[in-house]
Amino acid sequence: MSPSLALKRNWFHVLVALSDADRHGFDIMRDVLEQTDGALHLWPATLYGTLDQLAGAGFISELASPEEHPAGQSEKRRYYRITTQGRAALAAEIRRLEETARAAKLRLSPRRAELR
Amino acid sequence: MNESRLSRVYRLALAMLPRPFRERHRAEIERHFETLLADTTAPYLAGKRFLILIRAVIDVMWTATILRVQPPQPEHARMKGSLYRDIAYALRGLTRSPAFAIAAVMTLALGLGAATTIFSVVNGVLMRPLPYSSPGRLVNIWVDFGVGGQSLPAVSTADFLDYKTQATLFQDFAAASGGGTIGATGILTGGSEAPEKVDVSPVTSNFFPLLGVKPILGRQFTKEEEAFRGPRVVMLSHELWQRRYGGDSTLVGRTIELDGLSQQVVGVLPPGFHLLLPAEAFLVKDSQIWKPLQINLAQLQPRNYTGLTVFGRLKPGVTYAQAQAEMDRIATWLRATFPVHAAGQIRIRAVPLQDDIVKGARPALELLLVAAVLVLAIVCANVANLLLTRASVRERELAVRIAMGASRFQIARQLLTEGFVLAALGTVLGLAFTYASIAYLSHLQPANLPRLSNVTVDWRVLGFAAAACVVTALVFGLAPALHGARSSTGAVLRGGVRVAVGRGARLRQGLIVGEIALSLVLLVSAGLLVRSFVSLQDVRPGFEPNGLLTFRVSLPFGNYRAPDAAKNLYESLRVRLLAIPGVTSVGSISQLPLTGSGPLSPYAYNEVTARNWESVTADGRFITPDYFTTMGTKLVAGRTFTADDDAKHPSVVIIDESIAKQAFSNGDAVGRQLQVGPTGDAGAFATVVGVVQHMRIHDLGDDVRGQIYNSSYAAFSRNFAVVVRTDGRAYPIAAVRKAAAELDSNLPVSGLRPMRELVDDALAPARFSLLLMEGLGSLALFLALIGVYGVISFSVAQRTREFGVRMALGQAPVELRRAVVAQALKVILPSIGLGIVVAALSTRFLDGLLYGVHPLDPATFTIVPLGLIVVATLACDAPARRASRVDPLVALREE
């Protein structure tokens, strides 16, 4: 996997959601809604499909035993946690976005004419 | 749909997901969906939840497609862009052959649009609940009198009061009355506005609460206001309040002048409130003014005087069967307690109000829905044919893909996806078509079809469209998909395109047979309805509507108080009307034909009917001597009334042929006595002085009741209708208005219109179903012809080489052309035969809708099939001619 490849939008936002806390599916959906100001609604089947894919890619893992669940939370829900690999991929994506943004900004700025 | 039902639908949708995924996530996905529903906030709760369901189901379909196309892979990069692959592939394929795509999508749009339109009418008229609170618990009370007696939605006051005390399963009963004997009308006067005739309905104080209708201004009537000769209070319809009083909110509490008496306004009903009633409802109407029904409890009318329309509201959880059982018990008690009910063998029926209102429209609409589904089946056959044709052309492409390692399942799935994409496009276009047709239909406004304004595209209609889309996609997509998956690689790759010709041809021909047969069934049905409509138009209703002008007059009580005032006014009006050039005759009647049920007049002609008073009734009307002449109604025997047939002379009646035949079957009716009042009453008998032709005054297609006419001069009402016979060159509408205004500038003249228009209105429901059926029939014909044309064209194109060889061997072009047509006829003729059989078996369901035509009408069953054979043969002629013009050299070089 090359870090220069863009992460899919759904993947990116799910990873961002899991970067500060372990969450269950509905919680992830709500967080993604918040992150994107309501622009990205992950409907149930898509959400769990995405979670499967992320787990398959090794970016997140499911919390196996009840002890691992955050305190006071329902045990019946399945919780997900971001893996080291996931954090790396997210960091790489953030870097890539920053690079892209910087490159774009450069073009916009007045110095562009001189550079040419 | 409530929450649990939405969840159930969603759970069903989850079945689309691949099993391993589903088993892993099912519980959580379901819980997730339920939380989404639970988190919804008002307003539009139901609508929002339904939208959530739709989006969640689309999400499931989407995910199911993705998971099947591309099972989860570790390399996330490879997933990129694959989401749309299947659909994108299908769309690309369609843009590559735009002619095919346009033909298929348009065909689907027509079929789905037609079906959705019909469904939206069925939905609006039959299925949408009445605009009252908990309308499912409302029943209308019908009373039946003995074997062969009357059945009417009308109850006597005493019985009504007994229902209220005896019934335990009903929350309550409420009643409305027609008021006087001749409709319930009053004259509004006062203020700067002109006097105006309005409909007035007295109702019990619990009437609007029972329906769940709350006044937008003021209050309901109170129990105290039901007292006999109690307070004079009224409620106004929203329309009257807006129009006459400019929506003045201070009107409540003030008084208005009705029939010269001041009445206090206590409330205004909400906009859009309509009293929905079955067509048989007696006198009560959707009035502009409502007042409390003030019953004289000290002196109740006899129990066989049925003047009330009674609604009941069931207690929650009570079934219609239980309610009926209770009414049966009450009827038993009534029979045991009151001799008049024992004699009348009274039965009471509690009919669900909604069923009662729409029962007249139901048969035609259900027929149309069936027809629409048949059209949809033809559409499916057509599109399946198009797809099959395409599949055989693409057989090589598919064979190559199989050889390259695509599984047969993948091929079938791809073909099915194409089907879904086509159906989805067709549905979207079809919905546009539906919106347009609904606008057109409501513009037609068939007067007697109830609740047409309710016809809109709501969630039920959208659900129907979505379901129709999925079902059609499966039906027309399945055959080609299975066929495609069966492709035998070796044969196709070795043999080139020609091998494909034989394959699928049988299936295509089968589809064409079905298509032609179905369209024949539809065309025969449409043909029968056309014949029926024509004979309905030709009905001699017992009067000559052409050249007849009608209007109604209601004289305000205040200015026409004297006993002879109404009669004198009519006489001077008549003289003035006769002076108008072109007017040949003028007459008057208490109620015009085809303007509602009107008052009934019980009669008796032997011991049994005398004992069971009111078991036989006729339409009772008051007329002036010139009425029959003006209407063009034939006097069969005796004489018409004269000016001397007034209250000072012995009571006389004119009866129609049907009563003459029933009552005096053994001879001449003229001069005989007819009992027109209960035994023992003064004036119970009247002398028959004349017999006239029967008039169809309720339903042009049906003799409903006999008619008994009394002389207007015996009791001239302040409400009457005038009929004016003209020489037919032009209706002197302005001159009639002028004549009335000259007599009394305040004379309320209303409903000035030709009798022809009343007749046309009565034909409107028949015209409406005919129009829709004709539309569906032509659509079916059009589609079937396209189908025939397509199949024959394709087969000619595939056989180009064969034709080339045959021509090279010396066969004449004419013979080739004939051979192609003969081949087509081999398909067409058996289809027609099949169609005739199916039509013959199914047209008897039309029986109730037909007038004057037998369901197996030989003319229709001959002309329609012959016509279809001719046009189907013509449809093959173009491809046949193409076959005969094949250039042998070109055809042979092609290989």
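That block above? That's the structure.
Computed from a predicted structure; not experimentally measured.

Engineer: Quick question: what am I supposed to make of the packing of aromatic side chains here?
Structural biologist: We describe a pair of aromatic rings using the distance from one ring centre to the other and the angle between the two ring planes. Residue and element names in this part refer to chain B. Evaluation of the coordinates by the stated rule reveals 21 aromatic pairs over all chains. Consider the rings of Phe-119 and Phe-464, whose centres lie 4.2 Å apart with planes at 5°: the pair is stacked. Taken together, the residues Phe-119 in helix H6 (residues 98–127) and Phe-464 in helix H16 (residues 459–485) connect sequence positions 345 residues apart. Owing to a relative accessible area of 11%, Phe-119 belongs among the buried residues under this scheme. Taken together, the aromatic side chains of Tyr-132, Phe-207, Phe-208, Phe-273, Trp-290 and Phe-311 make up a single cluster linked through ring pairs. The ring of Phe-338 carries Arg-303 above its face, with NZ or CZ at 3.6 Å from the centroid. The ring of Tyr-713 has Lys-567 lying over it, and the distance from NZ or CZ to the ring centre is 5.0 Å.

Engineer: Sorry, what's going on with the interface of chain A and chain B here?
Structural biologist: One frequently used descriptor of interface size is the decrease in accessible area upon assembly of the parts. Contacts between the two partners involve 27 residues from chain A and, on the opposite side, 23 residues from chain B. Both sides of the chain A and chain B interface together cover about 2,500 Å² of buried area, and 61% of this is carbon and sulfur. The largest per-residue losses of area from chain A upon contact with chain B belong to Phe-26, Trp-43 and Tyr-48 of chain A, which jointly make up 26% of the total buried on that side. Counting every contact that joins chain A to chain B gives two salt bridges. If you look at where chain A meets chain B, you find eight residue pairs in polar contact (both at pLDDT 80 or more). When contributions to the side of chain A that touches chain B are tallied by element, the ones reaching two or more residues are helix H2 (25–35) and helix H3 (44–56) of chain A. Among the elements that line the side of chain A that touches chain B, the one with the most residues is H3 of chain A, at nine residues. For the side of chain A that touches chain B, the per-class residue count stands at 15 nonpolar, six polar and six charged.

Engineer: What is the right way to read the pairing of strand S14 (residues 548–554) of chain B from this model?
Structural biologist: For a regular strand, side chains alternate in direction, first toward one face of the sheet and then toward the other. Residue and element names in this part refer to chain B. Counting buried positions along S14 yields six of seven residues, so the element is predominantly enclosed. Across seven bridges, the pairing between S14 and strand S23 (residues 719–726) is antiparallel. By the bridge assignment for S23, Arg-552 is matched with Ala-721. Two strands pair when backbone bridges link them, and S14 and strand S24 (residues 749–754) are joined in this way by four bridges, in the antiparallel orientation.

Engineer: How should I be thinking about the pattern of salt bridges in this particular structure?
Structural biologist: Note on pairing: side chains with opposite charge can pair once their charged atoms come close. Residue and element names in this part refer to chain B. Going through the model one piece at a time under the given rule, you end up with 43 salt bridges over all chains. Among the ionic pairs, Asp-458 bridges to Arg-128, the shortest N-O distance being 4.0 Å. Note that Asp-458 is positioned in the loop between helix H15 (408–444) and H16 and Arg-128 in the loop between H6 and strand S1 (138–145), a separation of 330 residues in sequence. Its relative accessible area of 24% is what places Arg-128 among the partly exposed residues. One salt bridge connects Asp-877 with Arg-881, and the closest N-O pair in it is separated by 2.6 Å.

Engineer: What am I meant to see in helix H4 (residues 84–108) of chain A here?
Structural biologist: Quick reminder: α-helices carry 3.6 residues per turn. Residues three or four places apart thus point the same way. Residues and elements named next belong to chain A. Its 25 residues give H4 an end-to-end C-alpha distance of 36 Å, which sits within 8% of 36 Å, the value for a rise of 1.5 Å per residue. All of the buried residues in H4 are Gly-86, Ala-89, Leu-90, Ala-92 and Glu-93. Elements in contact with the buried residues of H4: helix H1 (9–19) and strand S3 (79–82).

Engineer: I keep staring at the sheet that holds S3 of chain A and nothing clicks. Help me out?
Structural biologist: All names here are of chain A. Read across the sheet, three strands follow the order S1-S3-S2 without closing on themselves; strand pairing throughout is antiparallel. The sheet is open, and its two edges are formed by strand S1 (23–24) and strand S2 (60–62), each paired on a single side. Bridging between S1 and S3 involves two bridges; their strand directions are antiparallel. What sits directly across from Arg-23, in S3, is Tyr-80.

Engineer: Just checking my understanding: could you explain helix H26 (residues 800–808) of chain B for this structure?
Structural biologist: All names here are of chain B. Buried within H26 are the following residues: Phe-803, Gly-804 and Met-807. Each buried residue of H26 lies within a common arc of 105° when the element is viewed along its axis, so the set occupies one face. Gly-810 sits one or two residues past H26 and shows a positive phi near 100°.

What counts, and at which threshold
The residue count restarts for each chain, going from 1 along the sequence in the order it is written. Following the order in which they are written, the chains are lettered starting with A and the ligands numbered starting with 1. Two thresholds apply to this predicted model, a pLDDT of at least 70 for residue-level local features and 80 or more for giving and counting side-chain atom pairs, whereas whole-chain, interface and lining totals are computed over all residues. In computing side-chain properties, one takes all heavy atoms of the structure into account and sets aside hydrogens as well as water. Ring geometry is summarised as follows: Phe, Tyr and Trp rings, the Trp one being its six-membered ring, pair when their centres sit within 6.5 Å, and such pairs are stacked at plane angles under 30 degrees, edge-to-face over 60 and tilted between the two. Under the DSSP-based scheme used, a helix requires at least four consecutive residues in state H or I and a strand at least two consecutive residues in state E, with every element numbered from the N terminus. For every residue, the accessible area obtained with a 1.4 Å probe (protein chains only) is divided by the maximum for its type, and the residue is called buried under 20%, exposed over 50%, and partly exposed between those limits. Two thresholds decide whether a charge sits over a ring: the Lys NZ or Arg CZ must be within 6 Å of the ring centre and within 35 degrees of the ring normal. A contact between two residues is defined here by any heavy atoms of the two lying within 4.5 Å. What gets called buried area is simply the loss in accessible area from a 1.4 Å probe that two parts show on being joined, summed for both. Just to be clear on terms, a salt bridge is a Lys or Arg side-chain nitrogen sitting within 4 Å of an Asp or Glu carboxyl oxygen. Definition of a polar contact: a pair of N or O atoms within 3.5 Å, with one able to donate and the other able to accept a hydrogen when the atoms are protein atoms, and with sequence-neighbouring residues admitted only if both atoms are side-chain atoms. Residue polarity is assigned by list, with Asp, Glu, Lys and Arg as charged and Ala, Val, Leu, Ile, Met, Phe, Trp, Tyr, Cys and Pro as nonpolar; anything else, Gly included, falls into the polar class. Paired strands, as defined in this entry, are two strands with at least two bridges between them according to DSSP. Helices are assigned an expected span. That span is 1.5 Å times one less than the residue count. Directions pointing from the helix axis toward each C-beta atom define the arc.

Without other data, these values stay purely geometric and don't point to any function.
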